[in-house]
Amino acid sequence: MLRVDNTTIYQEIQGFSFVKETEDTVTGISALCYTSNKVTEETYCPYCGAKAYVKDYYTTTLKDMPYWYGIKHTLNLTHHRYKCPCCSHTFTEQLSIQCPGTRITLRNANWIKGLLKNNMSVNAVVNITGVHWNTVRKLHKEYMDKYLSQKEEERKRSGYKPKYLAVDEFAIHKGHTYATCVMDLETGEVIWAGRGRAVEEFRRFFEETDMDYLSNVQAVAMDMNAAYNRLVEQYLPHAAIVYDRYHMQAEFGKEVLGSVRLREAEEHKEHALQLKDIVKQTTEPALKASLKTETKAEMSAYSKVKKARWLILRNSENLTSQGDDTLQEILKAHEDLSVCYAMKEEMCRLFSLRNTEEAKAGWKAWFEAAKASGVAELEDFARRKEKRLAGLVAHAEHPISTGRLEGFNNRIKVAKRLAFGYRNDDYFFTLIKFISVSDHGFPEIP
């Protein structure tokens, strides 16, 4: 029994007799001590079946649910250790209230699972229960493994095989440490996650996955990471590689539109600084006033072009009438930027095509025009991306992208923040697969 603040709590354990209660006022740990009342004559060796005798006694301490706030509660269970006179094996009396593989009680384990079912982080559960992080992680992982294995059995029974996959990397630690995810785009399920994004690291996906399960894959969406397309071509030669529209347009926006915009803005700034120097050396009032006006116009143009980033990147149909007027004014005064903006609009049109031949002709013409544009940034971009022509054309036949996986990466980031990072890769990658198939919290296992 346990007495706290005039409250008496009785606890009985089947097969054990209560001995005493102890309480450490320094650590705040309350313990109930029990001893086994199992009859030795009823004990048989699990190895040979002969009757065993008591060799000695062993005390196991299990963490139990706390009965009162701020008081840690444990059970000290003294039980038998037996020895077989026939085969000489020793074994310990099993504790029915102990959660297997842990030092906590079954009801404590069920309490922890209940907290996890409400989407509580592992750190929060550790702080509430006082149970070690590794124990909470072990219970969580056992649950997730069981749930995922049941999902896999259901999939095998139904004969389901994915048609479209997406592969992308995400950061797992600071300092450019990455992991790779592979998602079934039809179901949103992450079918594999592993550390790294290099060729040999991504090869593990194909080595660890049943290739018969991937036999119906028609296309794989990815960015232009060389490791991805090289291995997909090797292991899934029947599948088309589709380069993600978002990555292509994002790179164009940064490397071409962004670079050209900043270059032309800096030209305005440099010209304005040169005019300021001339103004200082000019004594004629009329010329000085004219130069000041021109300097002011150059600085205004610099500011307008510098702040036009989102105006240039936004799709033309999403512009307001005022924004469109401002954009046209900027493009009219900046020839290189105007050429790059027109190429961006044409790129958007090419991604909307659904005829393969038309897309192929369109992309070839786009690359030829880019290389002949006279804009250094655009020419360099075209030379680097032209070798990806097949994957860009494939978007017309298979209009898929890594968008769904990119969105799921945000859920991974939330999971990392809740746990302040994960020290165990196997647990973390299991969690990623689990949350991809459990959209509504911590589902019950049938």
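Scroll up to find the structure.
Computed from a prediction, not measured in an experiment: that's the story for all the values here. (Residues numbered from 1 in each chain as written. Predicted model: local features only at pLDDT ≥ 70, side-chain atom pairs only at ≥ 80, totals over all residues. Heavy atoms only, no water.)

### Thoughts on the pattern of salt bridges
Here is step 1 of the chain: All chains considered together, the criterion is met by 23 salt bridges.
Here is step 2 of the chain: The salt bridge involving Glu346 is made with Arg349; its shortest N-O contact spans 2.8 Å. With Glu346 and Arg349 both in helix H10 (residues 335–351) and three residues apart, the pair spans about one turn of that helix.
Here is step 3 of the chain: You can call Glu346 partly exposed: its relative accessible area is 25%.
Here is step 4 of the chain: For Arg349, a relative accessible area of 38% translates into the label partly exposed.
Here is step 5 of the chain: Among the salt bridges present, the one from Asp380 reaches Arg384, with a minimum N-O distance of 3.2 Å. Here Arg384 and Asp380 lie together in helix H12 (residues 376–385), a separation of four residues that amounts to about one turn.
Here is step 6 of the chain: Residue Asp380 is classed as partly exposed on the basis of its relative accessible area, which comes to 35%.
Here is step 7 of the chain: Three or more residues joined by partner-sharing salt bridges are found here, namely Arg263, Glu267, Asp336 and Glu377. (Salt bridge = Lys/Arg side-chain N within 4 Å of Asp/Glu carboxyl O. Helix = DSSP H or I, 4+ residues; strand = E, 2+ residues; numbered from the N terminus. Buried < 20%, exposed > 50% of the residue type's maximum accessible area, 1.4 Å probe, protein only.)

### Concerning the nonpolar core
Here is step 1 of the chain: Within the largest apolar cluster, 59 residues are counted, with the highest numbers of intra-cluster contacts made by Phe202, Val220, Phe252, Trp363, Trp366 and Leu378.
Here is step 2 of the chain: In terms of residue count, the dominant contributor to this core is H10 (seven residues).
Here is step 3 of the chain: Apart from the residues within four sequence positions on either side, Phe202 is in contact with Val167, Thr180, Val182, Trp192, Ala227, Tyr228 and Leu231.
Here is step 4 of the chain: Val136, Ile400, Phe428 and Phe429 belong to the second-largest nonpolar core, a separate cluster that totals 44 residues. (Core = buried A, V, L, I, M, F, W, Y, C linked by side-chain atoms within 4.5 Å. Contact = heavy atoms within 4.5 Å.)

### Side note on the environment of Ala382
Here is step 1 of the chain: Along the chain, the position of Ala382 falls in helix H12.
Here is step 2 of the chain: Leave out the neighbours within four places in its chain, and Ala382 touches Phe367, Ala370 and Lys371.

### Re the pairing of strand S10 (residues 189–195)
Here is step 1 of the chain: Where burial is concerned, most of S10 is hidden: five out of the seven residues are buried.
Here is step 2 of the chain: One ladder, built from six bridges, connects strand S9 (residues 177–184) with S10; its direction is antiparallel. Residue Met183 lies in a different strand from S10, and its bridge partner there is Val190.
Here is step 3 of the chain: Linking S9 back to S10 in an antiparallel pair, the connection comprises four residues, with Gly188 at a positive phi of about 80 degrees. (Pairing = 2+ DSSP bridges.)

### Some details on the packing of aromatic side chains
Here is step 1 of the chain: Applying the stated criterion across every chain yields a total of 21 aromatic pairs.
Here is step 2 of the chain: Aromatic pair Trp366 and Phe381: ring centres 6.4 Å apart, planes at 75 degrees, arrangement edge-to-face. Here the residue Trp366 occupies a position in helix H11 (residues 356–371), and Phe381 occupies one in helix H12, the gap between them amounting to 15 residues. Neither Trp366 nor Phe381 differs from the other in exposure class; each is buried.
Here is step 3 of the chain: Among the aromatic residues, ring-to-ring pairing joins Trp192, Phe202, Phe205, Phe206, Tyr228 and Tyr235 into one connected group.
Here is step 4 of the chain: Taking the ring centre of Tyr213 as reference, the NZ or CZ of Arg155 above it sits at 4.0 Å.
Here is step 5 of the chain: For the cation-ring pair, Arg309 lies above Trp310, with the distance from its terminal atom to the ring centre recorded as 4.5 Å. (Phe/Tyr/Trp six-rings, centres within 6.5 Å; stacked < 30°, edge-to-face > 60°. Lys NZ or Arg CZ within 6 Å of the ring centre and 35° of its normal.)

### Comments concerning the pairing of strand S12 (residues 240–243)
Within a regular strand, the side chains alternate between the two sheet faces.
Here is step 1 of the chain: Pairing geometry for strand S11 (residues 219–222) and S12, over four bridges, is parallel. In the strand pairing of S12, Met222 is matched with Tyr243.

### Here's the deal with the layout of surface pockets
Here is step 1 of the chain: Within this model, the largest pocket holds a volume of roughly 740 Å³.
Here is step 2 of the chain: Taken together, 25 residues line the largest pocket, and the ones lying closest to its centre are Glu152, Arg155, Glu189, Ile191 and Tyr213.
Here is step 3 of the chain: For the lining of the largest pocket, the secondary structure elements donating two or more residues are helix H3 (133–158), S10 and helix H15 (425–437).
Here is step 4 of the chain: For the lining of the largest pocket, the element with the most residues is H3, which contributes seven residues. (1 Å grid on protein atoms, 1.4 Å probe; cavity = no way out; pocket = protein on both sides within 12 Å on 5 of 7 lines; lining within 4 Å. Points joined across faces, edges and corners; volume = space filled by probe spheres on them.)

### A closer look at the side chain of Thr60
Here is step 1 of the chain: Counting through the fold element by element, Thr60 comes out in strand S5 (residues 53–68).
Here is step 2 of the chain: Within polar-contact distance, the side chain of Thr60 engages the side chain of His79 at 2.8 Å.
Here is step 3 of the chain: Not counting the four nearest positions on each side in its chain, Thr60 is found in contact with Leu75, Asn76, Leu77, His79, Leu95 and Arg103. (Polar contact = N/O pair within 3.5 Å; in protein donor to acceptor, adjacent residues only side chain to side chain.)

### So, the sheet that holds S11
Strands in a sheet are paired, the pairing made by backbone hydrogen bonds, and the direction either parallel or antiparallel.
Here is step 1 of the chain: Taken together, five strands build an open sheet; the order of strands is S10-S9-S8-S11-S12 and the sheet is mixed. Where the open sheet ends on each side, the last strands, each with one partner, are S10 and S12. Between one strand axis and the next, the sheet turns by 25 degrees as a mean value, whatever way the strands run.
Here is step 2 of the chain: Bridge count between strand S8 (residues 164–173) and S9: eight bridges; the pairing is antiparallel. Each residue of the ladder has a partner; that of Leu165, found in S9, is Asp184. (Axes fitted to C-alpha atoms, helices over the stretch in contact; angles between N-to-C directions.)

### Here's the deal with the packing of H10 against H11
Each packed pair of helices is defined by two parameters, the angle between the axes and the distance between the axes.
Here is step 1 of the chain: The geometry of H10 relative to H11 is characterised by a closest axis approach of 10 Å and an angle of 165 degrees between their N-to-C directions. Considered as vectors, H10 and H11 are oriented roughly antiparallel to each other. Two packed elements cross with a definite hand, and for H10 against H11 that hand is left-handed. From H10, Met343, Glu346, Met347, Arg349, Leu350 and Phe351 reach across to H11, where they touch Glu358, Gly362, Trp363, Trp366, Ala369 and Ala370.
Here is step 2 of the chain: Of the residues assigned to the contact of H10 with H11, the class counts are eight nonpolar, one polar and three charged. (Parallel < 35°, antiparallel > 145°, perpendicular 65-115°, else oblique. Left-handed = near helix turned anticlockwise from the far one by under 90°. Nonpolar A, V, L, I, M, F, W, Y, C, P; charged D, E, K, R; others polar.)

### Things to note about unusual backbone geometry
Here is step 1 of the chain: Its identity as a non-glycine residue notwithstanding, Ser88 has a phi of 70 degrees, on the positive side.
Here is step 2 of the chain: When its relative accessible area of 48% is taken as the criterion, Ser88 is described as partly exposed.

### Some points on helix H2 (residues 122–129)
Here is step 1 of the chain: Of the positions making up H2, those classed as buried are Val122, Val125, Val126 and Thr129. Down the axis of H2, the sector holding all buried residues measures 100 degrees, keeping them to one side.
Here is step 2 of the chain: Close packing links the buried residues of H2 with helix H1 (106–117), H3 and H15.
Here is step 3 of the chain: Looking one or two places after H2, you find Gly130, whose phi comes out positive at around 80 degrees. (Arc of directions from axis to C-beta.)

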